[in-house]
Every structure is written in C-alpha cells, then in structure tokens.
Amino acid sequence: MLDEMFSYGLDISMLSDYIPLMGNLPMDVLLKEWQDTVQAAKAFHTNKLRIFAGSLSSQSLDEKDWELCTERLKFLCTVAEREGVYTVVETHPGTAADGLDSTLQLLRQTSHPALKLNLDFLHMWESGADPLAAYERLKPWMVNIHLKNVEARQWLEVFSPDNIYSPSGSRRGIVALADGEMDCQAIMKRLILDPTQAPVALEWFGANPFQILKSELGWLKGLESGLKPEKVEVTGT
Ligand SMILES: O=C(O)c1ccc(O)c(O)c1
C-alpha cells in the first residue's frame, strides 16, 4: 500500500500518537509502547511523531508536575532521536502546551534538540494568544502546522477529542478556513511569504472531506497567486 502511495508522489509527513505521557503507566511499559510507535513512524517513512503533552492544562500543573512532564518528554525524545525521529508536541487545550507561555516553558524546560512543535493555530488562538505573534516565537521549534477554523468561539468545544471521535459527536461550528472567526487569510499570507519548510495540514473533521479538500486548495491557490503569481505551488499534504 505504501509503495503504491509513494508512486503517486504522496508521502506521510507526520504520524500521530496518544502516548499517556503523564499517566500511571510504569516506565518500562511506556518505553515499550514508545519504541513500537517510533518503529511505526519509520515504517511510514516519516521522521515526525506527534504526541500531546499530557492530559492536564498547564494551569493545573505544579512545579513537580512540570518536572515530571519535561523529564519524561526528554526521555521520549532521546529514545526517538536514536532512530532519527523527532518527538513533536502539539499545541492543544487541556495539555501542558495549551498556550504560548506554557508551550515555551515546555520547550525550554525540556530542552532537547529532538523536541519539535506542531503549531495548531486554532488552538493557539483559542488560548487567547495572537496566532501570528505565537508563530514568530515558536518558529524555531515548528516542524508542522495544523490549520482548521471555527464559526465562532462558542463552538470550539466541537474539537475536543471526546466529541470529535464520538460517532454521535456534533459537527456544529466546523467551517472552511475562510469562513471562521480566526483570520486564516492573515495566517496563510504570512506562511506563503515566509520561507518556512513546515508542511501545513488541513485538519478537517467535518463531512465531505474530498469536496472540502478541493475547495480549500482552490482558496489557498487563489491566495498564493494573489501574493506570488509565479513562485509557489500549493501541495495537498
Ligand atoms: O489529533 C487529534 O487527535 C486531534 C483531536 C482534536 C483536535 O482538536 C486536534 O487538534 C487534534
């Protein structure tokens, strides 16, 4: 299957995992799970393995929790790095990386060269941070970007994992990039003009994904041609 996919010029830029970083799992069990996932990333020919930084908001962590979280993260980074794989933390509510300051604290306190960041602009905006200011500060760690939008702040809960993965979960509030409350146009304009190599992934949890992918690509190409008529080509990663 992978060979067929690669033959179409498609590749997998990042693998997502949900390792219970701050759970009660004994370290040897955590290590085995992580080693298996690192091998899965290699099997999919990607050097990026995305995780969440625990399941507690940064506000609820005391000094000891931060120490535990960053020490464990450092350990995972070291194990994955030996196999040439980056450990990529995603900005997400209800985790240690739930805002700009907390994400910077996590990155700096962990202080591992193989620790990288998946910047989810909507969740950063959700935290109250200015997405473009956050982008400038977090750029040195950023290896992947998630882009999605919401009709209005009141619907942000639609993206909570409990809802989004429930077969009967609501989809109220999920809209195309250009139609939401966060200014995706300003974000995309900055990304198009910036020489970042980080892939931008459209994170679509709603209906009709193929149709949406096509219309979103059309919107992105329109933005690009307005900014850099002859230079850039948008690809669908
Ligand atoms: O990767 C995920 O599982 C996931 C789920 C919900 C989100 O809002 C999100 O940003 C990522």
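Residues numbered from 1 in each chain as written. Predicted model: local features only at pLDDT ≥ 70, side-chain atom pairs only at ≥ 80, totals over all residues. Heavy atoms only, no water.

For the chain, the name recorded in an unreviewed UniProt entry is 3-dehydroshikimate dehydratase, with Paenibacillus silagei as its organism.

**Q** I would appreciate a short explanation of the overall build of the chain in the present structure.
**A** Counting secondary structure elements, the chain contains nine helices and eight strands. What you see for the chain is a C-alpha radius of gyration of 18 Å, in line with the 18 Å of a compact globule of 237 residues. Principal axes of the C-alpha set define a box for the chain whose edges measure 50 × 45 × 40 Å. Split into buried and exposed, the 237 residues of the chain put 47% on the buried side. Put simply, of all contacts in the chain between residues at least 6 apart along the chain, 79% involve residues at least 24 apart. When the accessible surface of the chain is totalled, it reaches about 12,200 Å², and 52% of it is carbon and sulfur. (Helix = DSSP H or I, 4+ residues; strand = E, 2+ residues; numbered from the N terminus. Rg over C-alpha atoms; globule rule 2.2 N^0.38 Å. Buried < 20%, exposed > 50% of the residue type's maximum accessible area, 1.4 Å probe, protein only. Contact = heavy atoms within 4.5 Å. Areas by Shrake-Rupley, 256 points an atom, 1.4 Å probe, with all protein chains shown as cover.)

**Q** It is not clear to me how the site of the ligand should be interpreted in this structure. Could you clarify?
**A** Taken together, Tyr-18, Arg-50, Phe-52, Glu-90, His-92, Asp-120, His-123, Lys-148, Phe-159, Tyr-165, Glu-203 and Phe-205 form the complete shell of residues around the ligand. His-123 is positioned with one of its side-chain polar atoms (N or O) 2.8 Å from an oxygen atom of the ligand. In isolation the ligand exposes 290 Å². Once the protein is present, 98% of that is buried. Tallied by class, residues from the shell around the ligand come to five nonpolar, two polar and five charged. (Near = heavy atom within 4 Å. Polar contact = N/O pair within 3.5 Å; in protein donor to acceptor, adjacent residues only side chain to side chain. Nonpolar A, V, L, I, M, F, W, Y, C, P; charged D, E, K, R; others polar.)

**Q** Would you explain unusual backbone geometry in this entry?
**A** Leaving glycine out, the prevailing phi sign among residues is negative, and the prevailing peptide bond configuration is trans. One non-glycine residue, His-45, lies in positive phi territory at about 60°. By secondary structure assignment, the location of His-45 is in the loop between helix H2 (27-43) and strand E2 (48-51). Phi is positive for Ser-111, close to 50°, though the residue is something other than glycine.

**Q** For this particular structure, what's the right way to read a negative patch on the surface?
**A** A cluster of acidic residues, Asp-62, Glu-63, Glu-67 and Glu-71, forms a negative patch on the protein surface. With respect to the helices and strands, the residue Glu-67 is situated in helix H3 (residues 63-82). Classification of Glu-67 as partly exposed rests on a relative accessible area of 48%. (Patch = residues over 30% accessible without salt bridge, like charges linked within 9 Å, V, L, I, M, F, W, Y side chains within 5 Å. Salt bridge = Lys/Arg side-chain N within 4 Å of Asp/Glu carboxyl O. Lys, Arg positive; Asp, Glu negative; His and termini not counted. Charge placed at Lys NZ, Arg CZ, Asp CG, Glu CD.)

**Q** So what exactly am I meant to see when it comes to the UniProt feature "domain: Xylose isomerase-like TIM barrel" (unreviewed entry) in the chain here?
**A** With numbering matched to this structure, UniProt assigns "domain: Xylose isomerase-like TIM barrel" (unreviewed entry) to residues 7-221. Annotated as residues 7-221, this span is 42% helix and 14% strand, and its ends, taken at the C-alpha atoms, are 24 Å apart. (UniProt positions renumbered as here; feature names shortened; annotations may be inferred.)

**Q** Help me out: how do you make sense of the packing of aromatic side chains in this one?
**A** Geometrically, a pair of aromatic rings is defined through the distance of the ring centres and the angle of the planes. Counting across every chain of the model gives four aromatic pairs. Aromatic pair Phe-159 and Phe-205: ring centres 6.1 Å apart, planes at 55°, arrangement tilted. Residue Phe-159 is found in the loop between strand E6 (149-150) and helix H7 (161-164), and its partner Phe-205 is found in the loop between strand E8 (200-202) and helix H9 (209-227); the two are separated by 46 residues along the sequence. Judged by relative accessible area, which is 5%, Phe-159 ranks as buried. When the ring of Tyr-165 is compared with that of Phe-205, the centres are 6.4 Å apart and the planes differ by 85°; the resulting orientation is edge-to-face. Taken together, the residues span a long stretch of sequence, with Tyr-165 in the loop between H7 and strand E7 (174-175) and Phe-205 in the loop between E8 and H9 at a distance of 40 residues. What makes Tyr-165 exposed here is its relative accessible area of 52%. These aromatic residues form a ring-pair network of at least three members: Phe-159, Tyr-165 and Phe-205. (Phe/Tyr/Trp six-rings, centres within 6.5 Å; stacked < 30°, edge-to-face > 60°.)

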